[in-house]
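Listed below, chain by chain, are the residues.
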Amino acid sequence: MNALRLESIVGHWAKKGSSLRVPDQGGISLSADIGEWILVAGRNGSGKTTFFEALCGFTDRMTGAIYLDGQLISLGNARSCFLAGIQYVPQRAFFSDNLFWNDAVDLMRCNRKALYNMEAISDLHNRLCDLGLIKHAHPIEPRIFDLILALLSVPRVLILDEIAPSIEVCEIYTSVRELVPMTVVLFTDHDSKVGVKSSDSILWLKENIPPDFFSVKDRAKLNDFLENTADRENNSDIRSAST
């Protein structure tokens, strides 16, 4: 049984008096196994964030079906998605300023008391220090704090909407794989080179044609994808690394 299965997911919203769909041709269908990392790629406006928000139940203007461990998840219901184990780290950090660890713990103790216990918070802090993602007596970048909140719930599906370029993303991706190896991860990255190297599969949202979902081991589709990305001149080493 696949850990995650999506069937014909389409997001809808109104803009300038017209009804738009993402994707604009067909729906998004895919199946992912435990521990699979899926790069969601496409040009600006192709619907990556809309797709992520639909999976999290942030909009009821969507059609299709989401199955997690074989169970159907209610569409347009953020609480149901959260309780099922879907966690989202959005593009914009929840907090605008860097926090020190003690400040972060106070916030988690006050606002997340029903979800997290101090033993789990302390254990994750030690592991993140060991991995070098946070350092003692140093502030925590806002995006890392958002990621900490997501990891504490031990998600079944983790959505990372473009980790900030200021953070060493390759190190983060490697660390997340170690921390939640049983989690399906959907992510988008501003750098397709980094994204492909960190992914097992690619969901490519295109204009005017149905989206494409394929393994990075599919050389023909990978080459087509790389040749249509903005930084194609830097992608030659990805082709050889994916064989």
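Residues numbered from 1 in each chain as written. Predicted model: local features only at pLDDT ≥ 70, side-chain atom pairs only at ≥ 80, totals over all residues. Heavy atoms only, no water.

1. Considering the overall build of the protein
So, step 1. Helix and strand counts for the protein come out as 9 helices and 11 strands.
So, step 2. The 243 residues of the protein split such that 47% are buried.
So, step 3. In the protein, the share of contacts with a sequence separation of at least 24, taken over all contacts with a separation of at least 6, comes to 68%.
So, step 4. Accessible surface for the protein amounts to roughly 12400 Å². Of this, 48% is attributable to carbon and sulfur atoms. (Helix = DSSP H or I, 4+ residues; strand = E, 2+ residues; numbered from the N terminus. Buried < 20%, exposed > 50% of the residue type's maximum accessible area, 1.4 Å probe, protein only. Contact = heavy atoms within 4.5 Å. Areas by Shrake-Rupley, 256 points an atom, 1.4 Å probe, with all protein chains shown as cover.)

2. Considering the sheet that holds strand 8 (residues 157-161)
So, step 1. Reading across from one edge, 7-8-9-4-10-11 is the order of the 6 strands in this open sheet, with mixed pairing throughout. The strands lining the two open edges of the sheet, one partner per strand, are strand 7 (86-89) and strand 11 (212-215). If you compare each strand with its neighbour and ignore which way they point, the axes differ by 15° on average.
So, step 2. Here strand 4 (residues 37-41) pairs with strand 10 (residues 201-204) via 4 bridges, running parallel. Bridged to I38 within strand 10 is S201.
So, step 3. Strand contacts of helix 6 (residues 169-179): strand 4, strand 8 and strand 9 (184-188), with the helix running at about 140° to strand 4, the strand carrying the most contacts. (Pairing = 2+ DSSP bridges. Axes fitted to C-alpha atoms, helices over the stretch in contact; angles between N-to-C directions.)

3. Concerning the pattern of salt bridges
So, step 1. Applying the stated criterion across every chain yields a total of 5 salt bridges.
So, step 2. With its nearest N and O atoms 3.1 Å apart, the salt bridge here joins R5 to E7.
So, step 3. Looking at E7, the relative accessible area reads 31%, which means it is partly exposed.
So, step 4. Its salt-bridge partner being K206, residue D212 comes within 3.9 Å of it at the nearest N-O pair. In this pair, the class of D212 matches that of K206, namely buried.
So, step 5. Here the residues in one salt-bridge network are K206, D212 and K221, joined through shared partners. (Salt bridge = Lys/Arg side-chain N within 4 Å of Asp/Glu carboxyl O.)

4. Let's talk about the pairing of strand 8
So, step 1. Of all 5 residues making up strand 8, 5 are buried, and the element is well covered by its neighbours.
So, step 2. Pairing between strand 7 and strand 8: 4 bridges, direction parallel. The partner of I86 across the bridge, within strand 8, is V157.
So, step 3. Two elements, strand 8 and strand 9, share 5 bridges in a ladder whose sense is parallel. Each residue of the ladder has a partner; that of I159, found in strand 9, is L186.

5. Remarks on helix 6
At 3.6 residues per turn, the α-helix brings residues three or four places apart onto the same side.
So, step 1. Along helix 6, the residues that are buried comprise V169, I172, Y173, S175, V176 and L179. Buried residues of helix 6, seen end-on, are gathered within an arc of 165° and therefore sit on one face of the element. Of the exposed residues in helix 6, the ones pointing more than 90 degrees away from its buried face are T174 and E178. (Arc of directions from axis to C-beta.)

6. Focus on the packing of aromatic side chains
So, step 1. For the coordinates displayed, the defined rule picks out 8 aromatic pairs.
So, step 2. Judged by centre distance (5.5 Å) and plane angle (65°), the rings of W37 and F187 are edge-to-face. With W37 in strand 4 and F187 in strand 9, the pair connects residues that are 150 residues apart, well separated along the chain. Across the pair, F187 and W37 agree in class, each one buried.
So, step 3. Cluster of aromatic residues (ring-pair linked, three or more members): F51, F52, F58 and Y88.
So, step 4. Against the face of Y67 rests R5, its NZ or CZ located 4.1 Å from the ring centre.
So, step 5. Its guanidinium or amino end placed over the ring of W204, K206 lies 4.2 Å from that ring's centre, counting from NZ or CZ. (Phe/Tyr/Trp six-rings, centres within 6.5 Å; stacked < 30°, edge-to-face > 60°. Lys NZ or Arg CZ within 6 Å of the ring centre and 35° of its normal.)

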